[in-house]
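As a plain string of letters, each chain reads:
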There are 4 protein chains.
Amino acid sequence: MIGFDNNAKQQLKSLVDKIDRLLEEKSHVEEALRETYAEAKAHGFDVKILKQVLKLRSVDPKELEEQDALIDLYRDILEV
Amino acid sequence: MIGFDNNAKQQLKSLVDKIDRLLEEKSHVEEALRETYAEAKAHGFDVKILKQVLKLRSVDPKELEEQDALIDLYRDILEV
Amino acid sequence: MIGFDNNAKQQLKSLVDKIDRLLEEKSHVEEALRETYAEAKAHGFDVKILKQVLKLRSVDPKELEEQDALIDLYRDILEV
Amino acid sequence: MIGFDNNAKQQLKSLVDKIDRLLEEKSHVEEALRETYAEAKAHGFDVKILKQVLKLRSVDPKELEEQDALIDLYRDILEV
């Protein structure tokens, strides 16, 4: 039967405390993000579109240009 | 202690058989989809862009037009 | 400006037809799965637990035994 | 053609700045979480099992007891 000595138990508990603090911090940041998106919505901005556009910023401009051209081409062929 | 009579056990097993058959059928269809996307890639098509465009077909054309305009507007303002 | 000749356009359209047929087949199977889980629920089975247990079948029995022992050990130490 | 006046443009940009700061903060916290899980792994703990057990803490103890009993029952019937 596997088991842990007291030292290992203490170590696991302190790691879990650290994880809990970080999970709590993360949920606060996520809450603040939700509030900011709600604020954007309240000001009339389309949050779904905004998130979509914000993601595009991580794409290399040259590559984004090619993507845009391909999307237009496929939409044209498939009549979308 | 909760438990099941034989009838319930039989019922659970037959439901699981049915679920397994459907899960297997689903994985065959998913395999065939992967093969078709691989075929598209082999023919030089960009699968990521293709999937993105195929999703747009489920959006009402009028709404899609508005989305396109908003995306262009936000990209312009945020220089994306 | 990138573009496709008619042959490539035809090829893309036929691939999309094939993808559409497979996506439709997949949604039928998923619909049948939902109905079967609803049937299980109607018979008093807990669908969430059932799905969880069905997943365990793909784990090697020896490994599953070790996982079970570790889960019990961690739950004991963390009083869960 | 839809458009925004300067005020709306400014508002969108300041919301995006705020979103960016929060997204950055979130990625720092996620990085710290990854490091802590890596630390747990380095100490010989099973991170997948640890995450699984940590999730169980949000389940009401009474409910968790019933879940455990159901899982055992289904595993017994389905020989898992």
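Residues numbered from 1 in each chain as written. Chains lettered and ligands numbered in written order. Predicted model: local features only at pLDDT ≥ 70, side-chain atom pairs only at ≥ 80, totals over all residues. Heavy atoms only, no water.

Asker: I keep staring at the pattern of salt bridges and nothing clicks. Help me out?
Answerer: Once their charged atoms are close, side chains differing in charge can pair, the charge on each being opposite to the other. The full count for this structure, using the stated rule, is 24 salt bridges over all chains. The partner of lysine 18 of chain B in a salt bridge is glutamate 39 of chain C, with the nearest N and O atoms 2.8 Å apart. Residue lysine 18 of chain B is found in helix α1 (residues 6–42), and its partner glutamate 39 of chain C is found in helix α1 (residues 6–42); the two belong to separate chains. Given a relative accessible area of 30%, lysine 18 of chain B falls into the partly exposed group. On the basis of relative accessibility, which here comes to 32%, the residue glutamate 39 of chain C falls in the partly exposed class. Linking arginine 34 of chain C and glutamate 31 of chain C is a salt bridge whose minimum nitrogen-to-oxygen distance equals 2.9 Å. Taken together, the positions of arginine 34 of chain C and glutamate 31 of chain C, both in helix α1 and three residues apart, correspond to about one turn of that helix. (Salt bridge = Lys/Arg side-chain N within 4 Å of Asp/Glu carboxyl O. Helix = DSSP H or I, 4+ residues; strand = E, 2+ residues; numbered from the N terminus. Buried < 20%, exposed > 50% of the residue type's maximum accessible area, 1.4 Å probe, protein only.)

Asker: Teacher, can you tell me more about the interface of chain A and chain D here?
Answerer: Where interface size is given, it is often the accessible area lost as the parts come together that is meant. Each partner contributes residues to the interface: chain A has 26 residues there, and chain D has 26 residues. Contact between chain A and chain D buries roughly 2600 Å² in total, counting both sides, with carbon and sulfur atoms accounting for 76%. On the chain A side of the contact with chain D, Leu15, Ile19 and Phe45 of chain A bury the most area, a combined 22% of that side's loss. Viewed at the interface, chain D and chain A are joined by six salt bridges. For arginine 57 of chain D, the salt bridge identified is with aspartate 20 of chain A, shortest N-O distance 2.5 Å. Remark: the boundary between chain A and chain D carries seven residue pairs in polar contact (both at pLDDT 80 or more). Contributing elements (two or more residues each) for the side of chain A that touches chain D: α1 (6–42) and α2 (47–56) of chain A. Looking at the side of chain A that touches chain D, the element that brings in the most residues is α1 of chain A, giving 20 residues. Within the side of chain A that touches chain D, the residues separate by chemical class into 16 nonpolar, three polar and seven charged. (Contact = heavy atoms within 4.5 Å. Buried area = accessible area lost by both parts, 1.4 Å probe. Polar contact = N/O pair within 3.5 Å; in protein donor to acceptor, adjacent residues only side chain to side chain. Nonpolar A, V, L, I, M, F, W, Y, C, P; charged D, E, K, R; others polar.)

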